[in-house]
Amino acid sequence: MDGFEANDGIIVIAATNRPDVLDPALLRPGRFDRQVVVPLPDIRGREQILKVHMQRVPLSEDVDPSIIARGSPGFSGADLENIVNEAALFAARAGKKLVEMIEFEKARDKIMMGAERKSMVMSEKEKRNTAFHEAGHAIVGRTVPDHDKLYKITIVPRGRALGLTRFLPEEDRYSMSRVTLKSQIMTLFGGRIAEEMVNGPDGVTTGASNDIERASQLARNMVTRWASRNAWARCSMTRKTARCSSACRPAASRSPSPRKRRARSTRKSARSSTTAMPPPRPSSPNTRTSFTRWLKRS
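Residues numbered from 1 in each chain as written. Predicted model: local features only at pLDDT ≥ 70, side-chain atom pairs only at ≥ 80, totals over all residues. Heavy atoms only, no water.

Trainee: Would you take a moment to explain the nonpolar core for this structure?
Mentor: One recurring pattern in soluble globular proteins: nonpolar side chains tend to sit buried together. Residues L50, M54, V63, I68, I83, V84 and F104 are the most contacted members of the largest nonpolar core, which totals 19 residues. When contributions to this core are tallied by element, the ones reaching two or more residues are α1 (43–54), α2 (65–70), α3 (77–93) and α4 (101–113). If sequence neighbours within four positions are ignored, V63 has contacts with M54, I68, V99, E100, M101 and F104. I185, L188, A215 and L218 belong to the second largest nonpolar core, which has six residues in total. (Core = buried A, V, L, I, M, F, W, Y, C linked by side-chain atoms within 4.5 Å. Buried < 20%, exposed > 50% of the residue type's maximum accessible area, 1.4 Å probe, protein only. Helix = DSSP H or I, 4+ residues; strand = E, 2+ residues; numbered from the N terminus. Contact = heavy atoms within 4.5 Å.)

Trainee: How should I be thinking about the pattern of salt bridges in this particular structure?
Mentor: One side chain can pair with another of opposite charge once the charged atoms of both are near each other. Counting across every chain of the model gives eight salt bridges. A salt bridge links E116 to R158, with the nearest nitrogen and oxygen atoms 2.8 Å apart. Residue E116 is found in the loop between α4 and α5 (124–143), and its partner R158 is found in the loop between β1 (149–154) and β2 (164–168); the two are separated by 42 residues along the sequence. By relative accessible area, which is 8% here, R158 ends up buried. Put simply, K96, E100 and E103 are held in one network by salt bridges that share partners. (Salt bridge = Lys/Arg side-chain N within 4 Å of Asp/Glu carboxyl O.)

Trainee: Explanation requested: α3 in the structure shown.
Mentor: Given 3.6 residues per helical turn, the α-helix brings residues three or four places apart onto the same face. Taking 1.5 Å of rise per residue, the 17 residues of α3 would be expected to cover 24 Å, and the 25 Å separating its terminal C-alpha atoms lies within 8% of that figure. By the burial criterion, the buried members of α3 are L80, I83, V84, E86, A87 and A91. Seen from one end, α3 has its buried residues packed into an arc of 165 degrees, which puts them on one side. Facing away from the buried side of α3 by more than 90 degrees, the exposed set consists of A78, A92 and R93. A positive phi of about 75 degrees marks G95, the residue just after α3. (Expected span 1.5 Å × (residues − 1). Arc of directions from axis to C-beta.)

Trainee: Which parts of the structure should I look at to understand helix α8 (residues 209–224)?
Mentor: Taking 1.5 Å per residue as the helical rise, α8 with its 16 residues ought to reach 22 Å, and the 22 Å between its terminal C-alpha atoms agrees with that figure. Those residues of α8 that fall on the buried side of the exposure criterion are D211, A215, L218, N221 and M222. Viewed along the axis of α8, the buried residues span an arc of 125 degrees, placing them on a single side of the element. Packed against the buried residues of α8 are α5 and α6 (178–188).

Note that all results are geometric; they support no functional claim without further evidence.
Here's what the structure looks like:
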């Protein structure tokens, strides 16, 4: 790779998940100058990957790879292979000879939402509050515009969550509008609002901590990265682009240039040196006398 030796016929191939941290010297012409980006598979690619992995397991007639591919947006090839393996395990535990569609749905839910913790002991009060919380997410998600469809709502603990409300898009999305982002934020706060409506302001629990964190991160990205605020509609305020030109700032927040600041300070100092500020208007005989003396001096 140094260019001083003839290495004809030798091809060096490398792979990375973090191209942003690579040394620029590696990407110069003559080195790793050709980059092949491998994105996540789309719905057609997911269906073909599932068909490849499904050849190793006995399938029932009701298994449809296209339905599974439509309900797994954002999954990588390894995730899809994991769905097939988990579905085979579910079928083996149930004593079945063929893997049915219900096993694939269980496997997808396990990968997307975590494993069920049915042995976790919860009081009736906790279950009731969790049900209202998840119902708030579902109701707000159904009423706001341009939102994904409701897929499943459960109060069975999965992973670290006491309950989950899952929405799935009908198709792959590569960009989101401001309406979609605002709808997602409102849906995230739906559980907290439901708790407050049922239990009152003092009865709100800590169950919405993750929802608040995700909504805050989404709102922060809308302002700092995606310019979703009218006043900063042409600015990116991330760390790499923290310095913003005056052309894209609103008129009320534009700072003057150094030349204008020097001129203003010069005029202000000239006014302060030539004109003294008069004292307040007198309200007693003693202050009236001092005010007269100040007028005579001036």
